[in-house]
Amino acid sequence: MNLEKILAISGKPGLYVLKIQTRTGFVAESLIDGKKITVGLRSNVSLLSEISMYTNTEEKPLAEVMRNIAIKENEGPAISHKEDNDKLVAYFKTVVPDYDEDRVYVSDIKKVLHWYNMLQAKGMVTKEAPKAADATEATTDAITEEQTVVATKATKAKTKKE
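Residues numbered from 1 in each chain as written. Predicted model: local features only at pLDDT ≥ 70, side-chain atom pairs only at ≥ 80, totals over all residues. Heavy atoms only, no water.

Q: Outline the packing of helix H1 (residues 62-72) against helix H3 (residues 106-121), supporting the account with residue identities and numerical values.
A: Axis separation between H1 and H3 bottoms out at 11 Å; the angle between their running directions is 70°. Between H1 and H3, the crossing angle belongs to the class labelled roughly perpendicular. Considering how the two elements wind past one another, H1 and H3 form a crossing that is right-handed. Facing Leu62, Val65, Met66, Ile69 and Ala70 of H1, the residues of H3 in contact are Val112, Leu113, Trp115, Tyr116 and Leu119. Looking at the contact of H1 with H3 residue by residue, the classes come out as ten nonpolar, no polar and no charged. (Axes fitted to C-alpha atoms, helices over the stretch in contact; angles between N-to-C directions. Helix = DSSP H or I, 4+ residues; strand = E, 2+ residues; numbered from the N terminus. Parallel < 35°, antiparallel > 145°, perpendicular 65-115°, else oblique. Left-handed = near helix turned anticlockwise from the far one by under 90°. Contact = heavy atoms within 4.5 Å. Nonpolar A, V, L, I, M, F, W, Y, C, P; charged D, E, K, R; others polar.)

Q: Give a detailed account of the nonpolar core, specifying residues and quantitative values.
A: Taken as a class, soluble globular proteins show a tendency for nonpolar side chains to be buried jointly. Membership of the largest hydrophobic core comes to 30 residues, with the highest contact counts inside it found for Leu3, Leu15, Leu48, Met66, Ile69, Phe92 and Leu119. Put simply, the parts of the chain that give this core at least two residues each are strand S1 (6-9), H1, helix H2 (85-95) and H3. Top element by residues in this core is H3. It accounts for seven residues. Among residues more than four places away in sequence, those in contact with leucine 48 are Leu3, Ile6, Leu7, Ala8, Leu15, Leu62, Met66, Trp115 and Leu119. If you look at the next biggest cluster of nonpolar residues, it comprises nine residues, including Leu7, Ile9, Ala28 and Val45. (Core = buried A, V, L, I, M, F, W, Y, C linked by side-chain atoms within 4.5 Å. Buried < 20%, exposed > 50% of the residue type's maximum accessible area, 1.4 Å probe, protein only.)

Structural data, given as structure tokens:
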């Protein structure tokens with residue numbers, strides 16, 4: 001499963017696919033309805049490939065967690081993120097038995113299952129190990145670097161005002 005170009009944008013529902021990078025941000029396409037939106041560099045954007053889950057021994061990449069769900073469900077849909085909290089925790093323990101219960105909240109489990117089901121509905125779920133692509137890594141690095149530059153400039157401007 002390749003999560004390199006899949007984005008979660010704060011304040012926007014669902015997941016998005018990174019289409020192109022622009023001078024002032026980038027263009028993303030919604031996995032829900034296929035609409036394209038422009039996202040500025042000031043937006044809080046998370047690449048799913050950069051997200052990890054806490055375990056008792058290490059951090060496990062989200063792609064690996066979703067791959068475990070795909071293996072458990074034979075690439076079918078997982079349980080709904082709207083299930084009872086106890087059911088969600090019990091299900092997640094079967095997928096990631098050593099997850100850190102103190103640092104991984106039920107809201108995190110709901111988000112992972114919701115994302116998995118969205119990706120599964122679009123046929124983007126596989127049991128295969130993820131393969132990193134050089135072009136997408138360059139795009140990811142460029143977006144992260146530009147967001148860091150903008151955040152640094154904003155912090156410096158705020159400091160000068162004070």
